[in-house]
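# A structural walkthrough
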Amino acid sequence: MLVVDEINRGNISKILGELVTLLEPDKRIGAAHQLRPVLPYSAEIFGVPQNLFVLGTMNTADKSIALVDVALRRRFQFEELMPDLECCELLPSEMRRVIDKLNARITLRKDRDHQIGHSYFMDVSSPEQFNEKFTVTIIPLLQEYFYNDWDGLRFVFAEEKTEEDGHFIRRIPGADTKWVRNKWQWYTDAGDNAFDCLGQLLKNYGFAVETGNET
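Since the structure is predicted, the reported quantities are computational estimates derived from the model, not experimental observations.

What follows concerns the side chain of arginine 170. Looking at where arginine 170 falls in the secondary structure, it is placed in strand β3 (residues 169–171). Its relative accessible area of 10% is what places arginine 170 among the buried residues. Separated by 2.6 Å, the side chain of arginine 170 and the backbone oxygen of histidine 167 make a polar contact. Side chain to side chain, arginine 170 and aspartate 192 meet in a polar contact 2.8 Å long. Those residues in contact with arginine 170 that sit more than four places away from it in its chain are Glu164, Asp165, Lys183, Trp184, Gln185, Tyr187, Ala190, Asp192 and Phe195.

Structural data, given as structure tokens:
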């Protein structure tokens, strides 16, 4: 098996070379239309066996997905892998509910391709680990997804209808005048460095901390 990570980011002609054509099922050794060209540098006869599998990964939220040409698309079968929190064996149920709710709101505001993947939470098992992961990884990702879209951020956090000092997104002091252009800031900008991300998400989404049931 040959694995090419982020295949859509590379130069396919340089990565695969003659494999681009020889990968086709009917061009492999022993197939109906097998091809065995002579390599230009080594002058050796080359062919692709039937049992060679090429696995290429790509992120559909990546803009470079548009660069994958038709020739490559028709030589590969595409299997979509959506976020699957069942892969996170250590992740408690209340955290799964929170992430599922977050992804549901991201899908509504953005699209399904920008959901938070399960790979971020594979080793998370405690609230402390969740808060650290959310702070250093998920929030920067959301900042990129919703650049200059404060309404979008407030929606995905379920903070669009109320304003509280405990929210992820808070009003900037003095933002009530008509001259200001920006009214919102992150909790870190407000000086809250001991913020409980998990607790606030549970509260915002209406999940009870004790039972994990929706209220």
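Phe121, Phe130, Phe134, Leu142, Phe157, Phe168 and Trp186 are the most contacted members of the largest nonpolar core, which has 36 residues in total. Where this core is concerned, the elements lending two or more residues are α4 (93–109), α5 (127–145), α6 (150–156), β4 (184–186) and α7 (197–204). The residues contacting phenylalanine 168, other than those within four sequence positions of it, are Phe134, Ile139, Phe157, Glu159, Gln185, Trp186, Tyr187, Phe195, Cys197, Gln200, Leu201 and Asn204.

Moving on, we get to the packing of aromatic side chains. For the structure shown, the criterion picks out nine aromatic pairs. When the centroid spacing of 6.0 Å and the interplanar angle of 50° are considered together, the rings of phenylalanine 134 and phenylalanine 168 count as tilted. Highlighted residues: phenylalanine 134 in helix α5 and phenylalanine 168 in the loop between α6 and β3, separated in sequence by 34 residues. Across this residue pair, the class does not change: phenylalanine 134 and phenylalanine 168 are buried. The interplanar angle of 20° and the centroid separation of 4.2 Å between the aromatic rings of tyrosine 187 and phenylalanine 195 together place this pair among those described as stacked. The class of tyrosine 187 is buried, set by a relative accessible area of 4%. Three or more aromatic residues joined by ring pairs form one cluster here, namely Phe121, Phe130, Phe134, Phe157, Phe168, Trp186, Tyr187 and Phe195. Above the plane of the ring of phenylalanine 146 lies lysine 110, whose end atom (NZ or CZ) is 5.9 Å from the centre. The ring of tryptophan 184 carries the charged tip of arginine 171 above its face, separated from the ring centre by 4.9 Å.

Here we take up α4. Side chains that are three or four residues apart share a direction in an α-helix, a result of its 3.6 residues per turn. Helix length check: α4 (17 residues) gives 25 Å between terminal C-alpha atoms against 24 Å at 1.5 Å per residue, within 8%. Against α5, α6 and α7 lie the buried residues of α4.

Bringing the packing of α5 against α7 into the picture now. Relative orientation of the contacting elements α5 and α7 amounts to 90°, with a least axis distance of 8 Å. As summarised for this structure, α5 and α7 are arranged roughly perpendicular, according to the angle between their axes. Residues Pro127, Phe130, Asn131, Phe134 and Thr135 of α5 lie in contact with α7, whose contacting residues are Cys197, Leu198 and Leu201. Its residues assigned to classes, the contact of α5 with α7 comprises six nonpolar, two polar and no charged.

What follows concerns the packing of α4 against α5. Taken N-terminus to C-terminus, the directions of α4 and α5 make an angle of 15°; their axes are 13 Å apart at the nearest point. As summarised for this structure, α4 and α5 are arranged roughly parallel, according to the angle between their axes. Seen along the crossing, α4 lies across α5 with a hand that is right-handed. In this structure, α4 contributes Met95, Val98, Ile99, Leu102 and Ile106 to the contact, and α5 contributes Pro127, Phe130, Phe134 and Leu142. Its residues assigned to classes, the contact of α4 with α5 comprises nine nonpolar, no polar and no charged.

About the thresholds
Residues numbered from 1 in each chain as written. Predicted model: local features only at pLDDT ≥ 70, side-chain atom pairs only at ≥ 80, totals over all residues. Heavy atoms only, no water. Helix = DSSP H or I, 4+ residues; strand = E, 2+ residues; numbered from the N terminus. Buried < 20%, exposed > 50% of the residue type's maximum accessible area, 1.4 Å probe, protein only. Polar contact = N/O pair within 3.5 Å; in protein donor to acceptor, adjacent residues only side chain to side chain. Contact = heavy atoms within 4.5 Å. Core = buried A, V, L, I, M, F, W, Y, C linked by side-chain atoms within 4.5 Å. Phe/Tyr/Trp six-rings, centres within 6.5 Å; stacked < 30°, edge-to-face > 60°. Lys NZ or Arg CZ within 6 Å of the ring centre and 35° of its normal. Expected span 1.5 Å × (residues − 1). Axes fitted to C-alpha atoms, helices over the stretch in contact; angles between N-to-C directions. Parallel < 35°, antiparallel > 145°, perpendicular 65-115°, else oblique. Nonpolar A, V, L, I, M, F, W, Y, C, P; charged D, E, K, R; others polar. Left-handed = near helix turned anticlockwise from the far one by under 90°.

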